[in-house]
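# A look at the structure
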Amino acid sequence: MTAPHAASDDRTREIAEALTSVQERIAAATEGAGLAQPPTLVVVTKNFPASDVVRVADLGVRDVGENKAQELEAKFTDLVDLGVRSGLTVHFIGQLQTNKAGVVAAHADVVHAVDRAKLASALDRRRAMTGLGRLRVLLQVSLDGDPRRGGVLPDQVGELADDVAGLAHLEVAGVMAVAPLGEDPDVAFERLREVSQSLQCDHPGATWISAGMSGDLEAAIRHGATHLRVGTAILGTRPSLR
Ligand SMILES: *Cc1c(COP(=O)(O)O)cnc(C)c1O
């Protein structure tokens, strides 16, 4: 696999332009909310090739997100070969089956969608085997109460956080959510902020709030998001995987 010629091909220029306009949206919303610092932008590279991850890394992006264990493993082996893995923080943002925990524990730096104790203990066990430091985890909160979309109910976040905090190779970094379809994202993300505040009473280090995607990042910023997960607005419509 060869590295793309950064800044010299059409694809790189296209990504650079889209990245700039997303950064402008973030800057405007940050200012509008009266915040000193913009949230961290996680560029969601799922379904796009490793060459695009190299392009965003060359454009200064430091955080990327993936949502499938198999794709994460394949792509990040390529990124190690291309020499860009060590400069990136890799976020795993998808639903995760317990039997794929090993891949994610070995290749990700942050896991955003931990919603059950069994998954947390599988990640803990597999992280221990890697010799890497603690894996940061965010607890996925279900804002619509529909368990099929993943996430723990708001009133069960505290109990799950206590379970995760008892594991030696994980660190509870905060909460994550996806705004329910058809609901006003401002209402949803305000609820997430309340969940985060009550979590921080017992777990003061759990300050991260992962919320906001291409369509609703402004609402997420208004309600205290520390991490945005943006794919389509930067990389375009996702190709389906072969
Ligand atoms: C794909 C994905 C995103 C990115 O969504 P876009 O609308 O493409 O910005 C964010 N969060 C999660 C959990 C995702 O799976």
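Heads up: these notes are all about the structure in this document. Predicted model, so just to flag it, every value in this text is computed and none were measured.

## A short note on helix H5 (residues 117-130)
- With 14 residues, H5 extends 20 Å between its outermost C-alpha atoms, agreeing within 8% with the 20 Å of an ideal straight helix rising 1.5 Å per residue.
- Along H5, the positions that sit buried rather than exposed are Leu119, Ala120, Ala122, Leu123, Asp124 and Arg127.
- Tucked into the core, H5 has its buried residues touching helix H4 (101-107), strand E4 (110-114), strand E5 (135-140), helix H6 (157-165) and strand E6 (170-176).
- The positive-phi residue at the C-terminal boundary of H5 is glycine 131, with phi of around 75°.

## Details of the site of the ligand
- As a structural note, the neighbourhood of the ligand is formed by Val44, Lys46, Ile93, Met176, Met213, Ser214, Arg229, Val230, Gly231, Thr232 and Arg238.
- One of the side-chain N or O atoms of serine 214 is found 2.5 Å from an oxygen atom in the ligand.
- Separating an oxygen atom of the ligand from a side-chain N or O atom of threonine 232 is a distance of 2.5 Å.
- With the chains in place, 86% of the 390 Å² that the ligand exposes on its own is no longer accessible.
- A class-by-class count of the residues in the shell around the ligand yields five nonpolar, three polar and three charged.

## What to know about the nonpolar core
- Membership of the largest hydrophobic core comes to 68 residues, with the highest contact counts inside it found for Val104, Leu123, Leu192 and Ile234.
- The next biggest cluster of nonpolar side chains, apart from the first, holds five residues, and it includes Val110, Leu138, Ala173 and Met176.

## Examining the pattern of salt bridges
- Applying the stated criterion across every chain, the model contains 15 salt bridges.
- With a shortest N-O distance of 2.6 Å, glutamate 14 and arginine 11 are connected by a salt bridge. Of the two residues, glutamate 14 and arginine 11 are both situated in helix H1 (residues 10-32); the distance of three residues between them amounts to about one turn of the helix.
- Overall, the relative accessible area of 48% leaves glutamate 14 in the partly exposed class.

## Details of the layout of surface pockets
- Here the largest pocket is characterised by a volume of approximately 460 Å³.
- Residues of the lining of the largest pocket, tallied by class, amount to eleven nonpolar, ten polar and six charged.

Cut-offs applied
- Residues numbered from 1 in each chain as written.
- Predicted model: local features only at pLDDT ≥ 70, side-chain atom pairs only at ≥ 80, totals over all residues.
- Heavy atoms only, no water.
- Helix = DSSP H or I, 4+ residues; strand = E, 2+ residues; numbered from the N terminus.
- Expected span 1.5 Å × (residues − 1).
- Buried < 20%, exposed > 50% of the residue type's maximum accessible area, 1.4 Å probe, protein only.
- Contact = heavy atoms within 4.5 Å.
- Near = heavy atom within 4 Å.
- Polar contact = N/O pair within 3.5 Å; in protein donor to acceptor, adjacent residues only side chain to side chain.
- Areas by Shrake-Rupley, 256 points an atom, 1.4 Å probe, with all protein chains shown as cover.
- Nonpolar A, V, L, I, M, F, W, Y, C, P; charged D, E, K, R; others polar.
- Core = buried A, V, L, I, M, F, W, Y, C linked by side-chain atoms within 4.5 Å.
- Salt bridge = Lys/Arg side-chain N within 4 Å of Asp/Glu carboxyl O.
- 1 Å grid on protein atoms, 1.4 Å probe; cavity = no way out; pocket = protein on both sides within 12 Å on 5 of 7 lines; lining within 4 Å.
- Points joined across faces, edges and corners; volume = space filled by probe spheres on them.

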